[in-house]
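Summary of structural features
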Amino acid sequence: MKKVLVTGATGGMGVAICQSLVAKGYKIYGLDYRKGEDIDGVTFYECDVTDRESIEKVYESIKADTESLDGIVHTAGIYDMDSLIEMEERRFTRIFDINVFGVFRINQIFAPLLTKGSRIVITSSELAPLDPLPFNGIYGITKATLEKYAFSLRMETNLLGIPVSIIRPGAVKTNLI
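Described below are features of the structure shown in this document.

Scoring rules and cut-offs
- Residues numbered from 1 in each chain as written.
- Predicted model: local features only at pLDDT ≥ 70, side-chain atom pairs only at ≥ 80, totals over all residues.
- Heavy atoms only, no water.
- 1 Å grid on protein atoms, 1.4 Å probe; cavity = no way out; pocket = protein on both sides within 12 Å on 5 of 7 lines; lining within 4 Å.
- Points joined across faces, edges and corners; volume = space filled by probe spheres on them.
- Helix = DSSP H or I, 4+ residues; strand = E, 2+ residues; numbered from the N terminus.
- Nonpolar A, V, L, I, M, F, W, Y, C, P; charged D, E, K, R; others polar.
- Axes fitted to C-alpha atoms, helices over the stretch in contact; angles between N-to-C directions.
- Parallel < 35°, antiparallel > 145°, perpendicular 65-115°, else oblique.
- Contact = heavy atoms within 4.5 Å.
- Buried < 20%, exposed > 50% of the residue type's maximum accessible area, 1.4 Å probe, protein only.
- Phe/Tyr/Trp six-rings, centres within 6.5 Å; stacked < 30°, edge-to-face > 60°.
- Core = buried A, V, L, I, M, F, W, Y, C linked by side-chain atoms within 4.5 Å.
- Salt bridge = Lys/Arg side-chain N within 4 Å of Asp/Glu carboxyl O.
- Expected span 1.5 Å × (residues − 1).
- Polar contact = N/O pair within 3.5 Å; in protein donor to acceptor, adjacent residues only side chain to side chain.

As a further point, take empty space enclosed by the protein. All chains considered together, the criterion is met by one cavity of 30 Å³ or more. When its volume is computed, the largest cavity comes out at roughly 30 Å³. Taken together, T7, V49, H74, A76, I98, G102, V103 and I106 make up the lining of the largest cavity. Here the lining of the largest cavity gets three residues from one element, more than from any other, and that element is helix α4 (residues 101-110). For the lining of the largest cavity, the class distribution of residues is five nonpolar, three polar and no charged.

Another aspect to go through is the packing of helix α3 (residues 89-99) against α4. The geometry of α3 relative to α4 is characterised by a closest axis approach of 3 Å and an angle of 30° between their N-to-C directions. By the angle between their axes, α3 is roughly parallel relative to α4. Seen from α3, the contacting residues are F96, D97, I98 and N99; seen from α4, they are F101, G102, V103 and R105. A breakdown of the residues in the contact of α3 with α4 according to their chemical character gives four nonpolar, two polar and two charged.

What follows deals with the side chain of S54. Here S54 lies in helix α2 (residues 52-65). Since its relative accessible area comes to 16%, S54 is described here as buried.

Okay, the packing of aromatic side chains next. Two aromatic rings, taken as a pair, are described by how far apart their centres are and by the angle between their planes. Here the structure, examined in full by the defined rule, presents three aromatic pairs. With a centroid separation of 5.3 Å and 80° between ring planes, the pair formed by Y59 and F110 is classed as edge-to-face. With Y59 in helix α2 and F110 in helix α4, this pair connects stretches of sequence that are 51 residues apart. Classification of Y59 by relative accessible area gives buried; the value is 9%. A relative accessible area of 0% places F110 in the buried class.

By size, the foremost hydrophobic cluster in this structure holds 34 residues, and its most contacted members are L5, L31, I62, L69, I106, F110 and I122. Mapped by element, the contributors of at least two residues to this core are β2 (27-32), α2, β4 (69-74), α3, α4, β5 (114-123) and α5 (137-157). Considering every element that reaches this core, the biggest residue donor is α5, with six residues. Counting 10 residues, the second largest nonpolar core, distinct from the first, contains V4, I39, V73 and V121.

This part is about the pattern of salt bridges. A complete count under the given rule lists nine salt bridges for this structure. The partner of K27 in a salt bridge is D65, with the nearest N and O atoms 2.7 Å apart. Taken together, the residues span a long stretch of sequence, with K27 in strand β2 and D65 in helix α2 at a distance of 38 residues. Of the charged contacts in the structure, one is a salt bridge between R168 and E147, with a shortest N-O distance of 2.7 Å. One end of the pair, R168, is in the segment after β6 (164-167); the other, E147, is in helix α5, and 21 residues separate them in sequence. Classification of R168 as partly exposed rests on a relative accessible area of 36%. Take E147: its relative accessible area is 4%, and that puts it in the buried class. Connected through salt bridges with shared partners, the residues D80, D82 and R91 form a single ionic network.

With 14 residues, α2 ought to run about 20 Å at 1.5 Å a step, and its terminal C-alpha atoms sit 20 Å apart, in line with that. Those residues of α2 that are buried are in contact with β1 (3-7), β2, β3 (42-46), β4 and α4. Its side-chain oxygen placed 3.1 Å from the backbone nitrogen of E53, D51 serves as the N-cap of α2.

Below, the structure written as structure tokens:
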């Protein structure tokens, strides 16, 4: 049975991805900062992607259950609107901490469970990294940074036989906004 870690597992895209993978016979480890509705076939862990200790604790639990993961799917993220010259620094750094550093932390901590043929999938945004709109700049900046991270990570992990994909979904009805 293939096993996949999904971050943001209680959000709109995360739930849909979990349900789709379970329907295809995958075992899912779902991570989110809050408990959502139970999904058959998903082992859920409350986990804050901004907290390395929280992630390491979940890693140890999953490692006790399996020797490897077939993939990591990143859907955890936040959306914030504000003026780039007026927003508080803590809000600026918070969105980076979740949207960019959260992905970095998860990949770094869970890398020992990835083997040749495993995959990393990172969700971005359809237009935000390409052409941010006024007062949506911070979101676009984090998504552009995330894509550059993904492209660089892809070059490194390809040497290990672990492909990295970036997905730019179109408009998706979620509770993000």
